[in-house]
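Listed here are the chains, written in short residue letters.
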Amino acid sequence: MLKIGLTGGVGSGKSTVSNILREKGIKIIDADLISREVINIYPEIKEKIKETFGEVFFDKKGNLKRRELGNYIFKQSEKRKELERIIMPYIKKEIDLRFDDYEKSGEYLCILDAPTLIEQEIYKYMNKNILVWVDRKNQIQRVMSRDNFTENQVLDRINSQMDLEEKKKYVDFIIDNSKDLIDTIKQINNIIAIIKKDEGH
């Protein structure tokens, strides 16, 4: 089975690209969704987060206050790395399990949608990697309007990730998502056609 990595930056439109691929019948593994699910699958994660960051980031029902924790760690790179050290092994484990499930069910191609695909070096285990790119101005405006963040909050998140220009060095294909949807779909179709042809499908 072909494993394709899909990444981008906050506000680059990676979710839009992922949804277009899903509509084409391609199976998607969503690393963001897995990052939410593992907290319930593996209760020890909550305990480790409480020990490291305190109970202030949990509500009365014991649910993680994701946004509050996000605002806290995105300002401090060392705190962000601490959280990644806690949660990433579980995320990677679940990703592997889901790839295995799709392979066993006979899928010939599966896409991993992961914002930190490159930072966590998961891209090395993919057959091909795709970057969803957008210019910085569009990136900031999209996140501000989508998440109701201030420009500084958006910049905290952008700066916590590898720069999109730097990410270009690690991928096989780049989707320029700064134009209209029709243009993006055209680029997606071309890339999938090339991947299928290269791999003999």
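Residues numbered from 1 in each chain as written. Predicted model: local features only at pLDDT ≥ 70, side-chain atom pairs only at ≥ 80, totals over all residues. Heavy atoms only, no water.

**Student:** Go over the overall build of the protein chain, please, and point to the residues and values.
**Tutor:** Scanning the protein chain from N- to C-terminus turns up nine helices and five strands. What you see in the protein chain, going N to C, is helices and strands ordered as β-α-β-α-α-α-α-β-β-α-α-α-β-α. In terms of overall size, the protein chain behaves like a compact globule, its C-alpha atoms giving a radius of gyration of 17 Å where 201 residues would be expected to give roughly 17 Å. Summarising its shape, the C-alpha atoms of the protein chain cover approximately 50 × 40 × 25 Å along the three principal directions. Within the protein chain, counting contacts between residues at least 6 apart in sequence, those at least 24 apart form 74% of the total. Carbon together with sulfur atoms contributes 47% to the accessible area of the protein chain, which is approximately 10900 Å² in total. Each charge sign in the protein chain was given a centre, from 37 positive and 35 negative side chains, and these centres are 2 Å apart. (Helix = DSSP H or I, 4+ residues; strand = E, 2+ residues; numbered from the N terminus. Rg over C-alpha atoms; globule rule 2.2 N^0.38 Å. Contact = heavy atoms within 4.5 Å. Areas by Shrake-Rupley, 256 points an atom, 1.4 Å probe, with all protein chains shown as cover. Lys, Arg positive; Asp, Glu negative; His and termini not counted. Charge placed at Lys NZ, Arg CZ, Asp CG, Glu CD.)

**Student:** Could you give me a rundown of the packing of aromatic side chains, with the residues and numbers involved?
**Tutor:** According to the stated counting rule, one finds four aromatic pairs in the structure shown. For the pair Tyr42 and Tyr90, a centre-to-centre distance of 5.0 Å together with 45° between the ring planes defines the contact as tilted. Separated by 48 residues along the polypeptide, Tyr42 in the loop between α2 (31–41) and α3 (44–53) and Tyr90 in helix α5 (residues 77–104) bring together distant segments of the chain. Judged on exposure class, the residue Tyr42 and its partner Tyr90 are both buried. (Phe/Tyr/Trp six-rings, centres within 6.5 Å; stacked < 30°, edge-to-face > 60°. Buried < 20%, exposed > 50% of the residue type's maximum accessible area, 1.4 Å probe, protein only.)

**Student:** Could you give an account of the pairing of strand β4 (residues 128–133), naming the residues involved and the relevant values?
**Tutor:** Burial within β4 is extensive, with six of its six residues counted as buried. Neither face of β4 is exposed, since Lys128, Ile130 and Val132 on one face and Asn129, Leu131 and Trp133 on the opposite face are all buried. Bridging between strand β1 (residues 2–8) and β4 involves five bridges; their strand directions are parallel. Residue pairing in the sheet places Gly8 in a bridge with Val132 of β4. Where β4 meets strand β5 (residues 173–176), four bridges bridge the pair, whose relative direction is parallel. (Pairing = 2+ DSSP bridges.)

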